[in-house]
Amino acid sequence: MGNLLKVLTCTDLEQEPNFFLDFENARPTDAEREVWEQVDVVLKDAKGILDELQAYKGAGQEIREAIQSPSDEALQEKAWAAVVPLVGRLKKFFQFSQRLEAALHSLLGALTSETYHDSTQHLEREQALAKQFAEILHFTLRFDELKMTNPAIQNDFSYYRRTLSRMRINNVPAEGENEVNNELANRISLFYADATPMLKALSDGTTKFVSENKNLPIENTTDCLSTMATVCKVMLETRRTSCSSPSCETVSFCLRVMVGVIILYDYVHPVGAFAKSSKIDVSTLVFGRIQILHINPYLSRLL
């Protein structure tokens, strides 16, 4: 985490992109439309996922009562009845991470192809896809922030697995087992065990994209990520977007996107984002052109 303070800008100001990504109004061109529509189906569900996660209260009370009175069957049934639908919701979140990873693969495929000469041309001419990429990263960091502040998620799932195991030993039919079988439960458990599960899924997905596309130079992917970080930095420095007076929402959006692409860059670049040879360098960002006052709360809260 300390090293993150070394990474958020290109060291050569003259080589910075001289365009702005229109995160508010970008619309797909005919060339972008096929990929855009595929990803749009996924992104339309993103807000609902965040709303459900934000409203997730857990079954802490029912679980405590059941644990304190293990011989009280009524309390055991009450806790189980409370946990099962919550596990169904956790399963939904996990499955959405897989859909999001697939959407990321589609976007990376388009934004790193040989269609244009370099990543700057890709992002400048495929702004609708760049916007979707940014929206995925913004959702990811917001999801993980909510997850990190909600211990009920792992507590509920742990109780579900313990109870399910006990029911199997006692040959008791388990309502809900068909929804989350043992193999799926293991995968979901690993997902939520990570402090930032959605970001981990995207990071692994980006690494997988690079490994599965060996005919594509890795620089196509890393340059796309570093250019996106630099564009966000420039937008924040000048306090400009497509609007003359960007809202706080736009600023926080750019900050989240910038942090997200840096982390993905660190995953896929052979020497990581913190090496001297990295194309993004956070020290000048935090202590120079962008006020530390704006960036610090996001770095401390999101990572």
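Quick note: structure is the one above.
Reading the values: the criteria
Residues numbered from 1 in each chain as written. Predicted model: local features only at pLDDT ≥ 70, side-chain atom pairs only at ≥ 80, totals over all residues. Heavy atoms only, no water. Helix = DSSP H or I, 4+ residues; strand = E, 2+ residues; numbered from the N terminus. Buried < 20%, exposed > 50% of the residue type's maximum accessible area, 1.4 Å probe, protein only. Contact = heavy atoms within 4.5 Å. Areas by Shrake-Rupley, 256 points an atom, 1.4 Å probe, with all protein chains shown as cover. Expected span 1.5 Å × (residues − 1). Arc of directions from axis to C-beta. Polar contact = N/O pair within 3.5 Å; in protein donor to acceptor, adjacent residues only side chain to side chain. Phe/Tyr/Trp six-rings, centres within 6.5 Å; stacked < 30°, edge-to-face > 60°. 1 Å grid on protein atoms, 1.4 Å probe; cavity = no way out; pocket = protein on both sides within 12 Å on 5 of 7 lines; lining within 4 Å. Points joined across faces, edges and corners; volume = space filled by probe spheres on them. Nonpolar A, V, L, I, M, F, W, Y, C, P; charged D, E, K, R; others polar. Core = buried A, V, L, I, M, F, W, Y, C linked by side-chain atoms within 4.5 Å. Salt bridge = Lys/Arg side-chain N within 4 Å of Asp/Glu carboxyl O. Axes fitted to C-alpha atoms, helices over the stretch in contact; angles between N-to-C directions. Parallel < 35°, antiparallel > 145°, perpendicular 65-115°, else oblique. Left-handed = near helix turned anticlockwise from the far one by under 90°.

1. Some thoughts on the overall build of the protein chain
The helix and strand tally for the protein chain stands at 13 helices and 0 strands. Counting helices and strands in the order they occur from the N terminus, the protein chain gives α-α-α-α-α-α-α-α-α-α-α-α-α. For the protein chain, the proportion of its 303 residues judged to be buried stands at 50%. Contacts spanning at least 24 positions in sequence make up 82% of the contacts within the protein chain whose residues lie at least 6 apart. Surface accessibility of the protein chain: about 14,700 Å² in total, with carbon and sulfur atoms responsible for 50%.

2. Some remarks on helix H8 (residues 182-193)
Taking 1.5 Å of rise per residue, the 12 residues of H8 would be expected to cover 16 Å, and the 16 Å separating its terminal C-alpha atoms lies within 8% of that figure. Of all the positions in H8, only Leu-184, Ala-185, Ile-188, Phe-191 and Tyr-192 are classed as buried. Projected onto a plane normal to the axis of H8, the buried residues spread over an arc of 120° and lie on a single side. Facing away from the buried side of H8 by more than 90 degrees, the exposed set consists of Glu-183, Leu-190 and Ala-193. Those residues of H8 hidden inside the fold are in contact with helix H4 (73-111), helix H6 (127-148), helix H7 (152-169) and helix H9 (197-212). Two or three places before Glu-183, at the start of H8, stands the capping residue Asn-181, its side-chain oxygen 3.3 Å from that residue's backbone nitrogen.

3. Describing the packing of aromatic side chains
In this structure the tally under the stated criterion is 7 aromatic pairs. When the ring of Phe-96 is compared with that of Phe-139, the centres are 5.3 Å apart and the planes differ by 70°; the resulting orientation is edge-to-face. Residue Phe-96 is found in helix H4, and its partner Phe-139 is found in helix H6; the two are separated by 43 residues along the sequence. On the basis of relative accessibility, which here comes to 3%, the residue Phe-139 falls in the buried class. Linked through ring pairs, Phe-93, Phe-96, Phe-139 and Phe-143 together constitute an aromatic cluster.

4. Examining the layout of surface pockets
Volume-wise, the largest pocket comes out at about 470 Å³. For the largest pocket, the lining is made up of 17 residues, of which Leu-50, Glu-135, His-138, Phe-139 and Phe-253 are closest to its centre. Looking at the lining of the largest pocket, the elements with two or more residues in it are helix H2 (46-54), H6 and helix H11 (248-268). Among the residues making up the lining of the largest pocket, the classes are represented as 6 nonpolar, 3 polar and 8 charged. Lining of the second largest pocket is provided by 14 residues; of these, Glu-73, Gln-76, Thr-163, Arg-166 and Met-167 occupy positions nearest its centre. Of all elements in the fold, only helix H3 (60-68), H4 and H7 reach the threshold of two or more residues within the lining of the second largest pocket. The dominant element in the lining of the second largest pocket, judged by the number of residues it contributes, is H7, at 5 residues. Residue composition of the lining of the second largest pocket, by class: 7 nonpolar, 3 polar and 4 charged.

5. Overview of the nonpolar core
Ranked by size, the top nonpolar core spans 79 residues in total, and within it Phe-133 and Phe-139 carry the most contacts. Top contributing element to this core by residue count: H4, with 18 residues. Excluding anything up to four places from it in sequence, Phe-139 contacts Ala-46, Ile-49, Leu-50, Phe-96, Leu-100 and Met-198.

6. Comments concerning the pattern of salt bridges
According to the stated counting rule, one finds 10 salt bridges in the structure shown. Note that Lys-200 is salt-bridged to Asp-204, the shortest N-O span being 2.8 Å. Of this pair, Lys-200 and Asp-204 both sit in helix H9, separated by 4 residues, roughly a single helical turn. Under the relative-accessibility criterion, Lys-200 is labelled partly exposed at 30%.

7. Notes on the packing of H4 against H9
For the pair H4 and H9, interaxial distance at closest approach is 9 Å and the crossing angle is 40°. On the basis of the axis angle, H4 is oblique to H9. Considering only the axes of H4 and H9, their crossing is right-handed. Contacts between H4 and H9 involve Phe-93, Ser-97, Leu-100, Glu-101, Leu-104, His-105, Leu-108 and Gly-109 from the first element and Met-198, Ala-201, Leu-202, Gly-205, Thr-206, Lys-208, Phe-209 and Glu-212 from the second. A breakdown of the residues in the contact of H4 with H9 according to their chemical character gives 8 nonpolar, 5 polar and 3 charged.

8. So, the environment of Glu-77
When you line up the elements, Glu-77 lands in helix H4. Along the chain, Glu-77 and Ala-66 lie 11 residues apart, while their C-alpha atoms are 8.5 Å from each other.

9. A short note on the packing of H4 against H8
Orientation of H4 relative to H8, taken along the N-to-C sense of each, is 80°, at an axis distance of 10 Å. Accordingly, the angle class assigned to the pair H4 and H8 is roughly perpendicular. Between H4 and H8, the contacting residues are Leu-90, Lys-91, Phe-93, Phe-94, Ser-97 and Gln-98 on the first element and Leu-184, Arg-187, Ile-188, Phe-191 and Tyr-192 on the second. Considered class by class, the residues forming the contact of H4 with H8 number 7 nonpolar, 2 polar and 2 charged.

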